[in-house]
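# Inside the fold
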Amino acid sequence: MTPESPEPSQPDPLDQYLADARANAPDLRPELRARIVADALAAPVAKRRPSATWLRRLVAGWAMPGLAGGAVAALAGFWIGVSLPMPVVALDLPLWLDSPLRFIDFALPPSGLDDPLWLEF
Amino acid sequence: MPLELRAEPDQAALLARVAAGDRQAAEALTDLIAPRLLRFAARMLGDLAEAEDVTQEAMLRLWRMAPDWQAGAAQPSTWVFRVASNLCTDRLRRRRPMQEALPDLPDPAAGADAGLMAQARARALEAALQELPERQRQAVILRHLEDLSNPEIAAIMMVGVEAVESLTARGKRNLSAALAGQRDALGYDDDT
């Protein structure tokens, strides 16, 4: 059995167009080349001026999240100090007495009960 | 030009030297990349003056990246092609839609010079390229006119290799259809 010889493939006319386009491509003008090289010698020097690298490190690391957390905590503390939220006000109520001499329990009265003094404890 | 630049230039090493102010490295990298960028931009935009602006702008961005370039990242040429591609896209979007007229062709029967015919065919292809959708045009130019590999094109266009293959195949089909009516005028026989 003889192997079949593959049919010769038809040349694609588009390939000739592409070859002509490659051969007729625009060249880089010497003036443009000189401008690009001049840019190269100017740009990195400008970049090397004292830059905000410390700021970049600050933003990139944990410093910013840490500062943000601290600021939120400070604001929360300020808010608690200025307008006492309900649970903290409740702590100011008379404490439960375990014995006549000891105040031991800081727990709030069970839900549904009012001020213990009003209930004549 | 030093021998090592002619043989297998390490673009990242050249870029590092550019960052240190080495003029020779800047010239070598410019000669390596800028002509290809210019051809690519000229074919994308169909306008040489605009293509020169894009080339200079893309190279300038490369120079600005030079001090921070990390070894092992993408090749500088791949990166700068991506920049040029984005710049071309920006300019194309700013333009008003316009229909490129196909150029006048010399008459082969009148004994037009072979060089003239080749130029006319090149112009006809450039005009037909302008009619392609932008992504197809980009893929065809990079693959068939700049001879980049499919993985390189995929990195520039930020798509998969299969998408590149599909774009180039569709682009070639559309180009062939656009040029089909001109083959006789451009000196081609249908049976070749």
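See above for the structure.
One structure accompanies this document, and this report is about it. Quick caveat, the model's predicted, so the values are computed rather than measured.

So, about the pattern of salt bridges. Oppositely charged side chains are able to pair whenever their charged atoms sit close together. Residue and element names in this part refer to chain B. According to the stated counting rule, one finds 12 salt bridges over all chains in the structure shown. In this structure, Asp-22 and Arg-17 form a salt bridge, with 3.0 Å as the shortest nitrogen-oxygen distance. One continuous salt-bridge network, built from bridges that share partners, spans Arg-39, Arg-43, Glu-126 and Glu-146.

The description of two helices packed together rests on the angle between their axes and the distance between the axes. Orientation of helix H1 (residues 13-23) of chain A relative to helix H9 (residues 161-179) of chain B, taken along the N-to-C sense of each, is 90°, at an axis distance of 10 Å. Comparing the axis directions of H1 of chain A and H9 of chain B gives the class roughly perpendicular. In this structure, H1 of chain A uses Leu-14, Asp-15 and Tyr-17 of chain A to contact H9 of chain B, whose residues at the interface are Lys-172, Leu-175, Ser-176 and Leu-179 of chain B. Taken together, the residues of the contact of H1 of chain A with H9 of chain B break down into 4 nonpolar, 1 polar and 2 charged.

This paragraph deals with the interface of chain B and chain A. Contacts between chain B and chain A engage 46 residues on the former and 30 residues on the latter. For the pair chain B and chain A, the summed buried surface comes to about 3300 Å²; carbon and sulfur atoms form 64% of the total. On inspection of chain B and its partner chain A, the count reaches 4 salt bridges. Two residues, Asp-20 of chain A and Arg-121 of chain B, come together in a salt bridge whose shortest N-O distance is 2.5 Å. Run the count over chain B and chain A and you get 8 residue pairs in polar contact (both at pLDDT 80 or more). Contributions of two or more residues to the side of chain B that touches chain A are made by helix H2 (11-19), helix H3 (23-45), helix H4 (48-65), helix H6 (114-131), helix H7 (134-145) and H9 of chain B. If you tally residues by element for the side of chain B that touches chain A, the top one is H3 of chain B, at 11 residues. Tallied by class, the residues present in the side of chain B that touches chain A amount to 22 nonpolar, 9 polar and 15 charged.

Conventions used here
Residues numbered from 1 in each chain as written. Chains lettered and ligands numbered in written order. Predicted model: local features only at pLDDT ≥ 70, side-chain atom pairs only at ≥ 80, totals over all residues. Heavy atoms only, no water. Salt bridge = Lys/Arg side-chain N within 4 Å of Asp/Glu carboxyl O. Axes fitted to C-alpha atoms, helices over the stretch in contact; angles between N-to-C directions. Helix = DSSP H or I, 4+ residues; strand = E, 2+ residues; numbered from the N terminus. Parallel < 35°, antiparallel > 145°, perpendicular 65-115°, else oblique. Contact = heavy atoms within 4.5 Å. Nonpolar A, V, L, I, M, F, W, Y, C, P; charged D, E, K, R; others polar. Buried area = accessible area lost by both parts, 1.4 Å probe. Polar contact = N/O pair within 3.5 Å; in protein donor to acceptor, adjacent residues only side chain to side chain.

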